Every structure is written in C-alpha cells, then in structure tokens.
Amino acid sequence: MKLSKIFETNHFSNSDIEFSDILYLSIDTRKIINGAKTAFFTLDGARKKGAEYVENAYEKGVRCFVVNEIDSIKKLPNATFYFVKNVQDALQKIAIQKRIHNPIPSIGITGSNGKTIVKEWLFEILSSQKRVVKSPKSYNSQIGVPLSVWNIDNLYDYGVFEAGISKPGEMEHLEKIIQPKFGILTNIGTAHIQNFRNKEALLKEKLKLFANCNVLIYNSDDPFINEHILLFFKNNHSIKLFNWGFNATAHLKFEIIENKLFFDYEGNPVCISLKHKDKSSIENLCHCIAMLFVLKENPNDYINAIENIRRVEMRLEVIEGNSGNRIINDTYNSDPTSLSEALDFLEQQAGGTKKITILTEMFESFSNHENANKTILELLKSKNLDTVFFIGKTFKLYENAFNSNLKECLFFENQKDFLDQNFQKTITNATILFKGSRVFELDKIVKEFQQQTHETHLEINLNAIKNNLNVFAKKLKPETKIMIMLKAFGYGLGSIELAKLLEYQKIDYFAVAYLDEGISIRNLGIKTPIMVLNTNWNAIDKLIEFDLEPEVYSIESFEACKNYINQNKDLNKNLKIHLKIETGMNRLGLNLEEALFISNQIKELPQITLASIFSHLAASDNLALKDFTLDQINTFEKIYKEIVNQIGYKPLRHLLNSEGISNFSDYQYEMVRLGIGLFGINSEDSISKNLLNPIRLVGKISQIKKVGPKDTIGYNRMGKIDTESYIAIINIGYADGYRRSWGNGRAFVYINGEKYPTIGNVCMDMTMIYLGKEHDIHLNDEVEVLGEHISIIDLAESAQTIPYEILTSIGSRIKRIYFES
C-alpha cells in the first residue's frame, strides 16, 4: 500500500513510498536510527515548529517527510514530502495500518493512576514466559500511542499498551490504534478532570477504550466504578466483565494475611509474598494477576516473576561507579524498544566520556537469534559506541558482522566469564550502560562496578524535570531563550547530570556559581554557553580556556578582566561577560554610573564582548510587592537603554527567575532564568498544577524496638510515650540534611502507605520514628523521607525556611540516583 493512500492525500513530491518500506517512525531528529527507512513527522514542539527540523533529519538520511506546510521547507533532492492538514492525524493513520497488518492480541490499560505501573509489571510478569511488546515509558498520549503500536509484530504473543486522555473525544482515536482485545481499568480519580463535566463524564470517556474488547478487568471494591461500569456496558453483551476485589462477591477474591496475598486458582490456594506493601502497589499487582486469569495463564507459572517485580520508576538509573565511571543500570527490560531508549539515554549522559555498553542476549523479544542480532546491530551502529561487551553464546555466531560495523567488540558466554577478566579494575572515566535479560544476572556485574556508598539515597526523576522545563517553556515566546541555574550543585541534585540532560533538551545557557563547576561541565564535552556567577578573578585564563563567561558586578571585577586582556593582546578568542545591574535587591550589582563607566570602556576593548545585561528581582513571588517589582523593571530598562546607546549593539536581557516567569511574563525579554521551578516548586496555581515532583529521599528501617512508658527515646530523653509502643530507627540524620528541628513529632515519614511521626531528637546519622501500639513495618522496609507523600514545602514550613534550603542541604554522602521513568 502506498503512503499517499494511508494519509489520504494526493499532495506529495517525488515518488510515492510503499508502506512496507518504512521501518521506523520519528518525531525527534536525535533518535533517528536508520534514516533511509524512517518516516519523519514534523510535529510542532513547545518552542519550535516541526518544519524547522526537516534539514537536520535529511542530513541523517531521512527521505520521507510528513508535513503540514510546504512554503517554509527547502526543496531537498530525492526527498518525498506528504502534505497533510494534521500531522498528528497522519501519525495515527499509519499506526492503525501497522496494527491491521499485525493483529496480535493486545491489552489496553487506562485509568487515572497506575497505568504505567500496571503496564510495566504486566509486561515483566508475562515476559518471563511469553514474547511481549509494550508502550515505552509513559507513551500513552495521542502521539505516544501510535509510536508505541508501531513496534508491534506478529512474532509477539501479546501487546501491552496504556492510554491516557486529557479531554473529551480523545479515547476513540486511541481505541482505533490499540484495538485492545483485553482491557484493564486501574481506577478513576481527579487527574485531568478539569476538562470534563464531572467524574462520571471522565469515566465514560476512559471506558471508550474498551468498546470492542472481549474482556474488561476492574476493581469491584470501588463502588463508583462498579456501578458505572455495569451501567455503561448494560447493553453491550459482547464484552465480558471480570472483576477482582477483597469482597466476597468478586469474580477473583483476594485476601492478605501477614504480608502475603492469597487467592484460589482452580480450587487450589496460591500464595504470593508481597514485596511492595502499600495499597496502590497491591491494587496494581491484583490487576496483573487478574489478567493472567483472563489470558488463561496459570499464575503458578509466574510466581517468581510476580514476587520479584521492581519499582517501575527505577528504570534507567544512573549511579556512581568505581574509577570515575558512571553506571546506567537498565537490567529491567530486554526488548528492542527499551534498548533504543537506553542507548539514547547513554548518549545523553556520556558527554565527552567513553561510551561503553555491556549487553546480553534478549531471549524474550525475538523468535530467532538472527532477527535479534540484526536489530541489535542496527541500533548499536547508530550510536558511535567506543566498546560493546556481548554476553551470550549466540552473539559469537555473528562476531564478524558486529566487528565490521562497531569500533570494538568483546564476546563472553556468560557473566562469570566476563567477571573473570576484572574489567571493573581497568575501565576508567567511562559511561557504561548495562542492558539485558535477567537470566544473565547482570546485577552481579553492576555490583562489581558500583561505588559503595551510604544506603540512604536521593532519587531524581529526569523525566519529571523535562516535564517541568516544558511547562515553563509554554509560558514563553518561541524566540525567548532559557538559562538554567545550576548553582549549589544544581540545587543539591547534581549539576553535572542536569547539564547532560538539559543540553540534550537544547537549553540555551547554563549558570553556575563558581569556576570549578563550569570547568567540570566543560570537561564532559558540553558546549552550551555557561555564565559563572562568582568567579575567581585571578583565574581569567581558565575562563577563556574553558569558554566560560563571568558575571561582572563591580568596577573591580571589570578591571580584572580588562587588565588580563591588556596583558594578553595575542589572545585568539574573546572574553564574553555579563553585566549585573543593581535595581533594588542590594546584593551584587552595578549602579547606573558604574555600568556606564564599564560600557564606555568596553567600546575600546574589542576582545571583550558584552553577552548580556541582567538583574535580579527581589520579590517576584510576592504580588503584594508588585509595585516594587515594577520599579525594578523600570530601572533595569532605563539602564539597559543607556548602555546600548553607549556600546552600539544590543546584548541579551534577562530579569525573570522561575517566579518571575509565572507572575511577570510580559518582561521575559530575550532570555529568562529557570531555577527552583525546574524542580516542581512554584507559587502560581496555573503553573504548579502541571509541575511534577522529581525528587524522592529514601532511607531504610535499621531496627524496630518495643518501648514502655518508663522508657525515653534519644538524646536528653526528649522522646516519651504513655503506653507500651513500637519505634523504628531509620538511617538518616542531620549529617545528611535531615534537620534536628524535625524531631519530636514535627515531621513525618512515609512507610508502606502510612505516615509516621518522628519521636525524640534527630541524631547525626539516625532518626527515631513512632510506630504506635501495633504496626505492620519490618526491618529494611523502605522509608520515604521526602517525595510524593512527604512534601518539601511542608518540611520547609516545619523548619521555618524555604524549599531551596532543604534541597541544597541534602548531604553529599547521600547517593544520588538519576533515572528516566
């Protein structure tokens, strides 16, 4: 079939392309694998039109383009352009055609929460016995679903896809693409309800995914869902409703006894040990087990997979390795889609370091080794890796193909053979991706490469940070540049890792506090311009060597720059500087007289370029002080005009910080500075409701004790109880940034679905938690100290401080784990 027929358009240039000639769909030029076999869809982004990426895609070998405008696109030799009214619709049409060609049984999942977790867990469970394809990450939107379904193939036993909506009319499109035979409704809540009349209208829209399903699974313990599903499908006799619950009338009845989940299969009891004990995780697991019943799979065959499922959000985690290495641990999935994602992530994180991949065979995802190795080779070829270690017998059969297409390849039959070579002692200063099938026990290799650190750790969700960046970008004009503030070790989260992520997102500028931070980022191979806020004026040679741009805030700081330039007239590149203007903050900055004195001298110094002029708002988050902020803005504009008149050109202007973007977006000028907002914190409701929390500080239970009314807890005997109770000791204290002022019940932690208060004074390395007279807590249980359930804003208010201080106080001995969910 020709693509013109699929897209329903006669408007195309060059020759019409066969559907079968397209192997890949792309909306992102950074992720093109094989351009000659790719159709590129020019979807508009938050800040750029899709048509602007056509030439870049063409340079990567793409010759098939789907566009909604022709005039702005340069004619390119041998390229075929399909002109359509709506590029997104065209993307969905080609995905529907792929689905028609590959009619394998698919499972559609929707709901307000838990879609991604149920999809990932169901995939992990089924993959232990079957070949399964799934949606990558949270690809559940009008764009994500067609990209997901494109990966489908008749060689798979099942497809597992999630579907999300934000407004009426969307689910019908997704149903046509997924064409689910089996369905799961996880739950119904208030997410995205603002675009619907009420909760019932939201549920009805979601249920449209199952219009042509054979079986729908749902939780009958929820009376709202139970009632409305029965009403919605009252006249639809072609669908079977299969519910589970902890109630006596459920089709599949569950029971929990002492952290074990019980149910019957063909009259015999089945027992599952619960690794995740919170209510949401148990519900998600029940959905997966119910699906095994519907698929007529024996749950006894899947017990090991069920009991060993991992938290979904820990996929693609980045951790510190030995010998200056960075470890990307993605031993969770072993399929071509996740390999492609992992290699993209490796490229993003590597910077200027060596790129190494340790890869095992992928038994679960291919019907034969030849198909597997062809696909793997094509993916690896596109990423310019320095070394690939192959683990598995069949890789050796294709040694010649791998060696002739990749820089360096080494082959091993199993993980023991690999470990015997002690590569963990010889590989240094590299970024290493671990990727493969669980049967090869890659975790043992990861452990050898991993740096041993404090067990308490800080999880940083890079996808949440990307989401927050896009939320603020939508408040800006397309031409407005964004400077990301990476001072104070990236607000305590890690400036190096954030710089890698954000350069990949095409950020315009970075700002760091000190010279050494800028040098560290440059040493990664990052090319994005970097402003240094507090430089060492005795090291201007380093500024020039590493292409760093200092903030000039005083006559003295400018004189240091001028003197260096005058003493080194043979320099072959300019020093870019940024003038900071005093407008009312009364911190660092130049007044009008000082600024004009400096700008007058800049005219006579061609080796100094004024890159930007900026100032800092003192109260952009406080609208009660709006008049003061407007006075600052007026002062800034007046001084800027005078400087421009003197130097004869217009440097960039930037004044707005995160709160300024929210409250004073009319004054975004040529650039804005984004800091704390990137981490999900903003006072303006229309922005904050779309921001995601990217951080989670996690400890463990070190010990549980029974204490009586005569006992006291902690230093100075501050912790007291009235009756015999239990306490837990967790492995975090004020040396880790957990403040002493949070002791004695002034803060809570979250364990297994419940909040528990502190008791007694916080110690240097430990904190005591009150569990009550009875509890369901165990040694080594995970403790959320800060995250989804323990708000950083609440903790800051309890300590009478601001979120900035909480973030930047998290101790350096706390291991940072970066991941993409």
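Quick summary incoming for the structure in this document. (Residues numbered from 1 in each chain as written. Predicted model: local features only at pLDDT ≥ 70, side-chain atom pairs only at ≥ 80, totals over all residues. Heavy atoms only, no water.)

### Quick notes on the pattern of salt bridges
A full pass over the atoms with the stated rule returns 33 salt bridges. Here Lys-383 ties to Asp-344 by a salt bridge, and the two come within 2.6 Å at their closest N and O atoms. Of the two residues, Lys-383 sits in the loop between helix H12 (369-381) and strand E18 (387-391) while Asp-344 sits in helix H11 (residues 336-350), which places them 39 residues apart along the sequence. The two residues Lys-383 and Asp-344 agree in class, both being buried. Where Arg-696 meets Glu-782, a salt bridge forms, and the shortest distance between an N and an O atom there is 2.5 Å. Of this pair, Arg-696 sits in strand E30 (residues 695-707) while Glu-782 sits in strand E37 (residues 782-786), and the two are 86 residues apart along the sequence. Judged by relative accessible area, which is 16%, Arg-696 ranks as buried. By relative accessible area, Glu-782 is classed as partly exposed at 30%. Among the ionic contacts, a cluster of salt bridges with common partners joins Lys-119, Glu-120, Lys-134 and Glu-162. (Salt bridge = Lys/Arg side-chain N within 4 Å of Asp/Glu carboxyl O. Helix = DSSP H or I, 4+ residues; strand = E, 2+ residues; numbered from the N terminus. Buried < 20%, exposed > 50% of the residue type's maximum accessible area, 1.4 Å probe, protein only.)

### Considerations on the environment of Asn-534
Note on placement: Asn-534 falls in the loop between strand E24 (530-532) and helix H21 (540-545). We classify Asn-534 as partly exposed; its relative accessible area is 28%. It is 8.8 Å that separates the C-alpha atoms of Asn-534 and Val-552, two residues lying 18 residues apart in sequence.

### Digging into unusual backbone geometry
Backbone geometry at Lys-506 places phi at a positive 65°, although glycine is not the residue there. For Lys-506, the position within the fold is in the loop between helix H19 (495-504) and strand E23 (509-512). Exposure remark for Lys-506: the relative accessible area of 56% places this residue in the exposed category. Of note, Arg-717 is a non-glycine position whose phi angle comes to about 55°, a positive value. On the secondary structure map, Arg-717 appears in the loop between strand E31 (712-713) and strand E32 (719-720).

### Remarks on the packing of helix H4 (residues 115-127) against helix H9 (residues 279-294)
Relative to each other, H4 and H9 sit at 45°, their axes nearing to 9 Å. Between H4 and H9, the crossing angle belongs to the class labelled oblique. Where H4 crosses over H9, the two elements pack in a sense that is right-handed. Side by side, H4 and H9 meet where Ile-117, Val-118, Trp-121, Leu-122, Ile-125 and Leu-126 of the first sit next to Ser-281, Asn-284, Leu-285, His-287, Cys-288, Met-291 and Leu-292 of the second. Residues belonging to the contact of H4 with H9 are distributed by class as follows: 10 nonpolar, 3 polar and no charged. (Axes fitted to C-alpha atoms, helices over the stretch in contact; angles between N-to-C directions. Parallel < 35°, antiparallel > 145°, perpendicular 65-115°, else oblique. Left-handed = near helix turned anticlockwise from the far one by under 90°. Contact = heavy atoms within 4.5 Å. Nonpolar A, V, L, I, M, F, W, Y, C, P; charged D, E, K, R; others polar.)

### Let's talk about the pairing of strand E5 (residues 106-110)
By the criterion of burial, E5 is predominantly enclosed, with 5 of the 5 residues buried. Bridge count between E5 and strand E7 (residues 158-162): 4 bridges; the pairing is parallel. Looking at E7, one finds that Ser-106 is bridged to Gly-159. Where E5 and strand E8 (residues 182-185) come together, 4 bridges link them in parallel fashion. (Pairing = 2+ DSSP bridges.)

### Quick notes on the side chain of Arg-696
A polar contact of 2.5 Å, which involves the side chain of Arg-696, links it to the side chain of Glu-782. Apart from the residues within four sequence positions on either side, Arg-696 is in contact with Arg-311, His-457, Leu-458, Glu-459, Glu-782, Glu-784, Leu-786 and Gly-787. (Polar contact = N/O pair within 3.5 Å; in protein donor to acceptor, adjacent residues only side chain to side chain.)

### Notes on the sheet that holds strand E6 (residues 132-134)
The strand order across the open sheet built from 7 strands is E6-E7-E5-E8-E9-E10-E11, with neighbouring strands paired in parallel fashion. Each edge of the open sheet is held by one strand with a lone partner, namely E6 and strand E11 (252-253). Across the sheet, H9 lies against E5, E8, strand E9 (215-219), strand E10 (240-245) and E11, angled at about 150° from E9, the strand it touches most.

### Considerations on the sheet that holds strand E3 (residues 64-67)
Strand pairs in the sheet, formed through backbone hydrogen bonds, run parallel or antiparallel to each other. Spatially, the 4 strands line up as an open sheet ordered E1-E2-E3-E4, and their pairing is parallel. Across the chains shown, the open sheet's two edge strands, defined by having one partner strand only, are strand E1 (24-26) and strand E4 (80-83). Going across the sheet, the axis of each strand differs from the next one's by a mean of 20°, ignoring polarity. Sheet analysis places strand E2 (residues 38-41) next to E3, joined by 3 bridges and oriented parallel. If you follow Phe-41 over to E3, its bridge partner there is Val-66. The sheet strands contacting helix H3 (residues 87-101) are E1, E2 and E3, and the helix crosses E2 at an angle near 150°.

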